[in-house]
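A closer look at the structure
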Amino acid sequence: MPKTAVFGTAYLMRPLGGIVFGHIGDRFGRKKALLATLACMGLGSMAMGFLPTHAQTGIWATVLLVVVRMVQGFSAGGEVGGSATFFSESAPRHLEATYGAFTPLGSTMGFAMAAAVAGTVSAFTTDVQLESWGWRVPFLLALPLTLLCLWARTRVQEIHDDDADSGPAQAPVVAVFRRQPLALLQSVGISVACNGTA
């Protein structure tokens, strides 16, 4: 399977993750949804570091890699939408756009930090070491990072009021298609333009 296809499976799962975790956030609170996306992403990234090689398990190595990428994409879809919603609902009305910028800023900083970690590991390992076990190190670092982020998120105050939100009669995702199709197309276009350059 081409590397680009394996990489792209995560992006195909993002809309589904946004729908599922968005529903969790609406029903059970934004904080619970964000804790779930973080745990899902942390487990997926750690699992990447433990994947067997093709020499060890043959085609199953590829299957497991695709499954892990799907888990990562699923959780990323929930994280992006959930964090953006959390920030906008937490912000004073005159600062909603400013607070909303924290989500893409955090994603960009994450890419930069990931590149720095990968570069550091590459600099301190030989080509043989990097191919053998060094490539696993950045993924295994997800364990302490996930624990740190879970600690921080458990201390965030829930801002979603279940009683105040009776919710629409139809499914929220259906309501978006029917009531705000133009806004949906605009957001999809912006997302494709941004992520298509990755």
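Above this text you will find the structure in question.
Quick summary incoming for the structure in this document.

Basis of the calculations
- Residues numbered from 1 in each chain as written.
- Predicted model: local features only at pLDDT ≥ 70, side-chain atom pairs only at ≥ 80, totals over all residues.
- Heavy atoms only, no water.
- Patch = residues over 30% accessible without salt bridge, like charges linked within 9 Å, V, L, I, M, F, W, Y side chains within 5 Å.
- Areas by Shrake-Rupley, 256 points an atom, 1.4 Å probe, with all protein chains shown as cover.
- Salt bridge = Lys/Arg side-chain N within 4 Å of Asp/Glu carboxyl O.
- Helix = DSSP H or I, 4+ residues; strand = E, 2+ residues; numbered from the N terminus.
- Buried < 20%, exposed > 50% of the residue type's maximum accessible area, 1.4 Å probe, protein only.
- Phe/Tyr/Trp six-rings, centres within 6.5 Å; stacked < 30°, edge-to-face > 60°.
- Axes fitted to C-alpha atoms, helices over the stretch in contact; angles between N-to-C directions.
- Parallel < 35°, antiparallel > 145°, perpendicular 65-115°, else oblique.
- Left-handed = near helix turned anticlockwise from the far one by under 90°.
- Nonpolar A, V, L, I, M, F, W, Y, C, P; charged D, E, K, R; others polar.

Before going further, it helps to examine a nonpolar patch on the surface. Taken together, L16, I19, V20, V173, V174 and F177 make up a surface patch of nonpolar side chains, about 470 Å² in accessible area. When residues of the nonpolar patch are traced back to their parent elements, those giving at least two are helix 1 (3-28) and helix 10 (172-179). Tracing the chain through its elements places L16 in helix 1. Here L16 falls in the partly exposed class, since its relative accessible area comes to 42%.

As a working rule, side chains carrying opposite charge can pair if their charged atoms are close by. Tallied over the entire structure, the rule returns three salt bridges. We note a salt bridge from R30 to D26, for which the minimum N-O separation is 2.7 Å. Exposure remark for D26: the relative accessible area of 29% places this residue in the partly exposed category. Residue R153 is joined to E79 by a salt bridge in which the shortest nitrogen-to-oxygen separation is 2.4 Å. Of this pair, R153 sits in helix 9 (residues 142-153) while E79 sits in helix 4 (residues 59-90); the two residues are 74 residues apart in sequence, bridging distant segments of the chain. Within the structure, one salt-bridge network assembled from shared partners comprises D26, R30 and E89.

Right, let's get into the packing of aromatic side chains. Taken as a whole and judged by the stated rule, the model has four aromatic pairs. An aromatic cluster of at least three residues, connected via ring pairs, comprises F87, Y99 and F102.

Where helix 2 (residues 30-49) meets helix 4, the axes come as close as 8 Å, and the angle between the chain directions of the two elements is 150°. For the element pair helix 2 / helix 4, the angle class is roughly antiparallel. Crossing geometry of helix 2 relative to helix 4 is assigned as left-handed. Grouping the constituent residues of the contact of helix 2 with helix 4 by class yields twelve nonpolar, nine polar and four charged.

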